[in-house]
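Structure assessment
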Amino acid sequence: MLMQTKKLRAIAEFLVVGVCTVTFALTILGICASVLGSDAAGRRDFAEYWASGYQLAHHANPYDGDAILRLERSVGFPSGTPVLIMWNPPSALLLVLPLGFLSPTIADLLWLLLLIACLVASVRMVWIMHGRPKNQLHWLGYSFAPALVCLLAGQVSIFVLLGLVLFLRWHRSQPFLAGVSLWLCLLKPHLFMPFGIVLLVWAIITRSYKLLAGTAIALGVSTAIAFILDPLVWVHYGQMMSTMSTARMQQELIPCMSIMLRSIISPKIMWLQYLPSALGCIWALAYFRKHYDHWDWMEHGSLLMLVSVLLAPYTWLMDQAILIPALLHAAYLTRSRSLVAILALASALIEIGALRGLAPTHSAFYLWTAPAWLAWYLYAIRGTAAEPGGTFDAPRFAEIREVTL
């Protein structure tokens, strides 16, 4: 019976590896085809970043829907499709400003290469922070479906991931640089509401003024540059958010729990989609108070990030790329190979859906993903901190991190 069980397990593991490898390879081919194909720049979300950067580089309104649409059409954006426009705040415009000085084709290629470099660097740093374990679990990060979808679309969420990982890496040893790295997280501040409120309270209580200064300076410099190039940039941003973004959230299906909640209760009452995140902030503060004496941003911050993304007022599948540190953390802690296989298969299922034409930005099929990551994480870490000689030894983990950082 024991031999038969081992054979069945080996067959199951072979099938899991085979399925995940094939879907990963096909997704990589899809990413290459999307970049190398004709009108590639205009068929990805990258078009909105290049158009906004072009507008700002020429001292024009980077949130002007009509101008942005003309630029997007010029690089192959499909006719009849509504304009794609940045919802990111003016402080984020510094990231896309260099794109405005390049041709769309060159900018698109460089943008993809930069995203790939950020993903690789982020996963590697998480691996280092966990003591360079001698296994292949880091491939779960490289092949995580939301991150691959992010590459496919040319989305900025991987930059947000890099900012989060740099904060985790530097918050003890280089607090000022950790604060600067949070500027990347603020490219999409709505994804960090429970996490962010705890971070602010933690920084004040621990007197991490260098961290706060780094964030303030990074925000100040980036906002000042945008203001110099467009003195009305905040006015333009407010006008865009009050009209175009609101209309888009009311008209489009966004696979997000908060949006679904508003759609079920009352589609026109916008504040309803912010209610889950507000309740999450209250829970996060209580969670922080309970664990403050032994607070660790990798351990406790992982759960905060999973809850923050789950309860975000609006979010897309590719935004879940920022959950890679949390999921890898749990994968390194658990001894269950079956749980690791489940995570890999869940990621592969998303890739299969994308390959079959289910749009990652608008299909209700992807509603299960954020709750699934949270449920998987909680199950994977159950009892790890309490088991004598178990998978997770908190003091030893902290010691390893101090050495590697």
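Residues numbered from 1 in each chain as written. Predicted model: local features only at pLDDT ≥ 70, side-chain atom pairs only at ≥ 80, totals over all residues. Heavy atoms only, no water.

Glancing now at the environment of R124. With respect to the helices and strands, the residue R124 is situated in helix α5 (residues 104-129). The spacing of R124 and W139 is 15 residues in sequence and 9.9 Å in space, taken between C-alpha atoms. (Helix = DSSP H or I, 4+ residues; strand = E, 2+ residues; numbered from the N terminus.)

Relative placement of two packed helices is described by the angle separating their axes and the distance separating the axes. It is at 6 Å that the axes of helix α9 (residues 175-185) and helix α11 (residues 209-229) come closest, and there the two elements cross at 40 degrees. The orientation of α9 relative to α11 falls into the category oblique. The handedness of the crossing between α9 and α11 comes out as right-handed. Packed against α9, whose contacting residues are P175, F176, A178, G179, V180, L182 and W183, the element α11 presents K210, L211, A213, G214, T215, I217, A218, L219 and S222 at the interface. Of the residues assigned to the contact of α9 with α11, the class counts are 11 nonpolar, four polar and one charged. (Axes fitted to C-alpha atoms, helices over the stretch in contact; angles between N-to-C directions. Parallel < 35°, antiparallel > 145°, perpendicular 65-115°, else oblique. Left-handed = near helix turned anticlockwise from the far one by under 90°. Contact = heavy atoms within 4.5 Å. Nonpolar A, V, L, I, M, F, W, Y, C, P; charged D, E, K, R; others polar.)

For the rest of this paragraph, the subject is the environment of F77. Topologically, F77 is positioned in the loop between α3 (65-74) and α4 (93-96). C-alpha of F77 to C-alpha of D45: the two residues are 32 residues apart in sequence and 9.8 Å apart in space.

With that out of the way, let us pick up the environment of Y142. Tracing the chain through its elements places Y142 in helix α6 (residues 139-142). Given a relative accessible area of 17%, Y142 falls into the buried group. (Buried < 20%, exposed > 50% of the residue type's maximum accessible area, 1.4 Å probe, protein only.)

So, on to the packing of aromatic side chains. Tallied over the full model, the rule gives 24 aromatic pairs. Ring centres of W111 and F159 lie 5.2 Å apart, and the angle between their planes is 65 degrees; this geometry places the pair in the edge-to-face category. Placement of the pair is W111 in helix α5 and F159 in helix α8 (residues 157-170), with a sequence separation of 48 residues. Taking the relative accessible area as the measure of exposure, W111 reaches 3% and is therefore buried. Here F159 falls in the buried class, since its relative accessible area comes to 3%. Taking 6.2 Å as the distance between ring centres and 75 degrees as the angle between the ring planes, the aromatic pair formed by Y314 and W316 counts as edge-to-face. (Phe/Tyr/Trp six-rings, centres within 6.5 Å; stacked < 30°, edge-to-face > 60°.)

Bringing unusual backbone geometry into the picture now. Residues other than glycine seldom take positive phi values, yet H59 does so here, at roughly 60 degrees. Mapped onto the fold, H59 is located in the loop between α2 (46-57) and α3.

By themselves, these are just geometric observations and shouldn't be taken as functional.
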